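Breakdown of the fold
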Amino acid sequence: MKKFLCLVAMILMILSAECDAARRFIIDTDTAGDDAAALILAAKTPDIIIEGVTVVAGNVDLEQGTRNALMSLEIAGANIPVYKGADASLMARKFELYSVFGKDGMGDADLIHPKGKAQKKPAVDFILETVKKYPNEVEIITIGPVTNIALAIEKDPATMRRVKKIWSMGTAGFGPGNATPVAEFNVFKDADAYKVMLDSGVPVTVIGLDLATAGTLIDAETLNAMKYSKSTEKFLAEACGKYLAFRRDLLHEPNVALFDAVAMAAALWDDFVLETETCHASCITAEGETHGQVIFYRQNITYDTMITFDNYNVEVVTKLKADDFVPRYRAAI
């Protein structure tokens, strides 16, 4: 009996050590089709701990985004708590943007019938409590407007400085925007929040729109084949149906760009990110044509105006192992 108890204790110690070594994540989302793709990838990734998913209004309203997140996790077979966050931007600005994923954010294909419910605890409280519990361990992946993150920073900046890293699917990177010629959707929806995050002192790694290069795009033929595959792929293919139609009919691109899933892969796959640049990032919050633009000043580059900074606050991902994305993503989910 004594030997058995010692063996049990040893197993528990090993499991505890493995748990302590695993990376801990919070995923902050405004769940539409590409967010769902990212959530499923994270849920299907072994050897990480997803402490919870927080939801913000963005692609869709807060209630719809919460249902979408719950359904995506259920499709992935994951029992991960979901928390409701902000239902409006930090400064209560209103910007009506066209939803490329349909009214429900998931292709208007009658996919969203979750059995579970969101937790009662507010998202900001959950974020702060988790960071306090695991200081310098928690990584936050933001794949929507960062209103929840900004609210947590404003409520308890000292605690949020104990976040290990924020991975941000946001900005246009060094390319064009999609909300405007210079602004990306997530930042445009709440530029004030993005500025708060950039100015917080928390390490931020940015994965911008410009990283959705040819290798990361899922073509129409592959997406159609996914409809006849396993439940996760079928779910995603149907959720992205309207998005595919939008890109084909208006952009003349017969494929889908899963920006959020690419950002999730950058955070989760150690060998996926090939190059980054250290920059000072400045977010334009003033109303006007440049609202939501994020300007990147590269370190070690001298500009004609001789602008200098004492803080280079982001790492911008500039190159990925892009051609690996689609086959590796499909295998992972």
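Focus: the nonpolar core
Within the largest apolar cluster, 68 residues are counted, with the highest numbers of intra-cluster contacts made by Val53, Phe235, Leu236, Phe325 and Tyr329. Once you skip the residues sitting within four places of it in the chain, Leu236 turns out to touch Gly33, Ala36, Ala37, Ile40, Met226, Tyr329 and Ile333. Counting residues in each nonpolar core, the second largest holds 36 residues, with Ala150, Ala152, Ile166 and Val196 among its members.

Some points on the side chain of Asn186
Mapped onto the fold, Asn186 is located in helix H7 (residues 185-189). Of the polar contacts made by the side chain of Asn186, one reaches the backbone oxygen of Met169; its length is 2.9 Å.

Concerning the confidence of the model for the protein chain
Detailed reading of the predicted coordinates is not advisable wherever pLDDT falls low. Per-residue pLDDT for the protein chain has a mean of 92; in total, 92% of the residues score no lower than 70. Every residue in residues 14-18 is under pLDDT 50, and counting partners more than four places away or in other chains gives zero contacts.

Some words on the sheet that holds strand S11 (residues 314-320)
An order of S3-S2-S1-S4-S5-S6-S11-S9-S10 is seen for the nine strands of this open sheet, with the pairing classed as mixed. Looking along the sheet, the strands with just one partner apiece sit at the ends: strand S3 (82-84) and strand S10 (294-298). Strand-to-strand twist in this sheet, taken as the mean axis angle between neighbours without regard to direction, amounts to 30°. Relative to strand S5 (residues 165-169), strand S4 (residues 138-142) runs parallel, the two being bridged by four bridges. Note on S5: the bridge partner recorded for Glu139 is Lys165.

Each value, and the rule that gives it
Here the residue numbering is sequential within each chain, running from 1 through the sequence in written order. Local features in this predicted model are restricted to residues of pLDDT 70 or higher, and side-chain atom pairs are both shown and tallied only at a pLDDT of 80 or more, whereas totals for entire chains, interfaces and linings draw on every residue. The side-chain values count all of the structure's non-hydrogen atoms but skip hydrogen atoms and water molecules. Definition used in this section: a nonpolar core is a set of buried Ala, Val, Leu, Ile, Met, Phe, Trp, Tyr and Cys residues joined via side-chain atoms within 4.5 Å. Relative accessibility decides the category of a residue: with a 1.4 Å probe and only protein chains considered, values under 20% of the type maximum give buried, values over 50% give exposed, and everything between is partly exposed. Only heavy atoms matter for contacts: two residues are in contact if any of them lie within 4.5 Å across the pair. A run of DSSP states H or I qualifies as a helix once it reaches four residues; a run of E qualifies as a strand once it reaches two. Both are numbered from the N-terminal end. Side-chain atoms alone can form a polar contact between residues adjacent in sequence; in general such a contact is a pair of N or O atoms within 3.5 Å, and within protein one must be able to donate a hydrogen while the other accepts it. On a scale of 0 to 100, pLDDT captures the predictor's confidence in every residue. Between any two strands, at least two bridges found by DSSP are needed for them to pair. A fitted line through C-alpha atoms represents every axis, and for helices the fit uses only the stretch in contact; the resulting angles, taken between N-to-C directions, go from 0 to 180 degrees.

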